[in-house]
Amino acid sequence: MRRRVIAGNWKMYKTLAETRAFFTTFNPLVANSKHCDIVVGPPFTAISTALDSVKGTSIAIAGQNVSWSQDGAFTGEVSAHMLAEAGCRYVIIGHSERRQLFRETDDNVAKKTLISLESGLTPIVCLGERQEDREAGLTEEVLGRQFTGGPGALTPDEFSRILLAYEPVWAIGTGRTATPEIAADAHAFLRRCAGEKFSIRHASALRILYGGSVKPDNIQGLMAQEELDGALVGGASLDPKSFAAIVNFE
Ligand code: PGA
């Protein structure tokens, strides 16, 4: 049985004071939640405050992005080594907002994943099709391409240390969640890709999170699908009560 992961992606929200206030409410609500791994991805500026706020709990902190380079003259970038040294255990890579708004490619995603693994971080590699891809019947083609160019470029050992997040772009921040069945189909496809590229053992151990308008009132239906190993939550992770309700789905 794969251990579930519920991860929050705060995007460009929350000051230091808001970060502290979030965890003051959130921590007691999940203090007895042992059924899943809990991850929160604050903006870079709030990482150290978040880490202070979760000391003594099992909540892990994630970076929302990372550079593909170890160090160098890359204004505005943050390296995997810096995130690991700061205390992050996870990093979100290839989010559709990064792909669409900041022109990240599958090749960037592969490089970022590799350098994050070298620093001991667990990458949460995001992929997902756009509305027009789905309407044109291209969902599997797009997912297959993103898989092959990103996580599929790793060695089997490296691949066994990452998480995938299936995030259909049409469901992110739109209030339109994929039905549990649509999500499960996409997860099963990605698991088949992992089986073909690596092995059945790799495929069955792979944890795939679903992301896109996950809320307290739809998490149970999503988690009822065996294919879904957790959730990557945007908007609903900003409110401590709603994120705790998602964490406590069972
Ligand atoms: P959402 O975002 O939950 O607000 O749809 C999900 C994500 O972007 O990871």
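Use the structure listed above.
The rules behind the values
Residues numbered from 1 in each chain as written. Predicted model: local features only at pLDDT ≥ 70, side-chain atom pairs only at ≥ 80, totals over all residues. Heavy atoms only, no water. Buried < 20%, exposed > 50% of the residue type's maximum accessible area, 1.4 Å probe, protein only. Helix = DSSP H or I, 4+ residues; strand = E, 2+ residues; numbered from the N terminus. Pairing = 2+ DSSP bridges. Salt bridge = Lys/Arg side-chain N within 4 Å of Asp/Glu carboxyl O. Near = heavy atom within 4 Å. Polar contact = N/O pair within 3.5 Å; in protein donor to acceptor, adjacent residues only side chain to side chain. Areas by Shrake-Rupley, 256 points an atom, 1.4 Å probe, with all protein chains shown as cover. Contact = heavy atoms within 4.5 Å. Core = buried A, V, L, I, M, F, W, Y, C linked by side-chain atoms within 4.5 Å. Phe/Tyr/Trp six-rings, centres within 6.5 Å; stacked < 30°, edge-to-face > 60°. Axes fitted to C-alpha atoms, helices over the stretch in contact; angles between N-to-C directions.

## Considerations on the pairing of strand β1 (residues 4-9)
Taking burial as the measure, the six residues of β1 include six buried ones, the bulk of the element. Alternating residues of β1 divide into Arg-4, Ile-6 and Gly-8 and Val-5, Ala-7 and Asn-9, and every residue in both groups is buried. As defined by bridge partners, β1 adjoins strand β2 (residues 36-41) across six bridges and the pair is classed as parallel. Bridge pairing in β2 places Arg-4 opposite Cys-36.

## Looking at the pattern of salt bridges
What the rule picks out here adds up to 16 salt bridges. The salt bridge involving Glu-129 is made with Arg-134; its shortest N-O contact spans 2.8 Å. What makes Arg-134 partly exposed here is its relative accessible area of 29%. Close ionic contact of Arg-191 with Asp-229 constitutes a salt bridge, the shortest N to O distance being 2.9 Å. Here Arg-191, found in helix α9 (residues 180-197), pairs with Asp-229, found in the loop between α11 (219-223) and β8 (230-233); they are 38 residues apart in sequence, far enough to count as distant. As far as the burial class goes, Arg-191 and Asp-229 line up, both buried.

## What to know about unusual backbone geometry
Non-glycine residue Lys-11 carries a positive phi angle of around 55°. On the secondary structure map, Lys-11 appears in the loop between β1 and α1 (16-30). One non-glycine residue, Ser-213, lies in the positive phi region at around 55°. Mapped onto the elements of the fold, Ser-213 is located in the loop between β7 (208-211) and α11. For Ser-213, a relative accessible area of 8% corresponds to the buried category.

## Some words on the site of the ligand
Lys-11, His-95, Glu-167, Gly-173 and Ser-213 are the nearest of the 13 residues found near the ligand. Note that an oxygen atom of the ligand is positioned 2.7 Å from one of the side-chain N or O atoms of Lys-11. Taking Gly-235, its main chain carries an N or O atom lying 2.8 Å from an oxygen atom of the ligand. Taking 280 Å² as the accessible area of the ligand by itself, protein coverage stands at 97%.

## With respect to helix α12 (residues 240-247)
Counting buried positions over the eight residues of α12 gives six, a clear majority of the element. Here α12 has its buried residues at Pro-240, Ser-242, Phe-243, Ala-244, Ile-246 and Val-247. The elements touched by buried residues of α12 are β1, α1, β2, α11 and β8.

## Some points on the nonpolar core
Membership of the largest hydrophobic core comes to 62 residues, with the highest contact counts inside it found for Ile-6, Phe-23, Phe-26, Ile-61, Phe-147 and Tyr-210. Of the residues forming this core, the biggest block, seven residues, is contributed by α9. Setting aside anything within four residues of it in sequence, one finds Phe-147 in contact with Leu-127, Gly-152, Phe-159, Leu-164, Leu-190, Cys-193, Ala-194, Lys-197 and Phe-198. Within the second largest apolar cluster, 13 residues are counted, among which are Val-5, Ala-7, Val-39 and Leu-232.

## Focus: the packing of aromatic side chains
Across all of its chains, the model carries 10 aromatic pairs by this definition. Aromatic side chains Phe-147 and Phe-159 sit 5.8 Å apart centroid to centroid with 70° between the ring planes, which places their arrangement in the edge-to-face category. Linking Phe-147 in helix α7 (residues 139-149) with Phe-159 in helix α8 (residues 156-159), this pair joins segments that are 12 residues apart in sequence. For the pair formed by Phe-147 and Phe-159, the shared burial category is buried.

## Regarding the sheet that holds β2
The parallel closed barrel is built from eight strands, whose spatial order is β1-β2-β3-β4-β5-β6-β7-β8. With direction set aside, neighbouring strand axes in the sheet form an average angle of 25°. In the sheet, β1 pairs with β8 via four bridges, with the strands oriented parallel. Note that in β8 the partner of Ile-6 across the bridge is Ala-231. The strands that α9 touches are β5 (122-127), β6 (163-166) and β7; relative to β7, the one it contacts most, it runs at about 145°.

## Structural notes on the environment of Glu-132
Mapped onto the elements of the fold, Glu-132 is located in helix α6 (residues 131-135). Considered as a pair, Glu-132 and Val-169 are 37 residues apart in the sequence and their alpha carbons are 9.9 Å apart.

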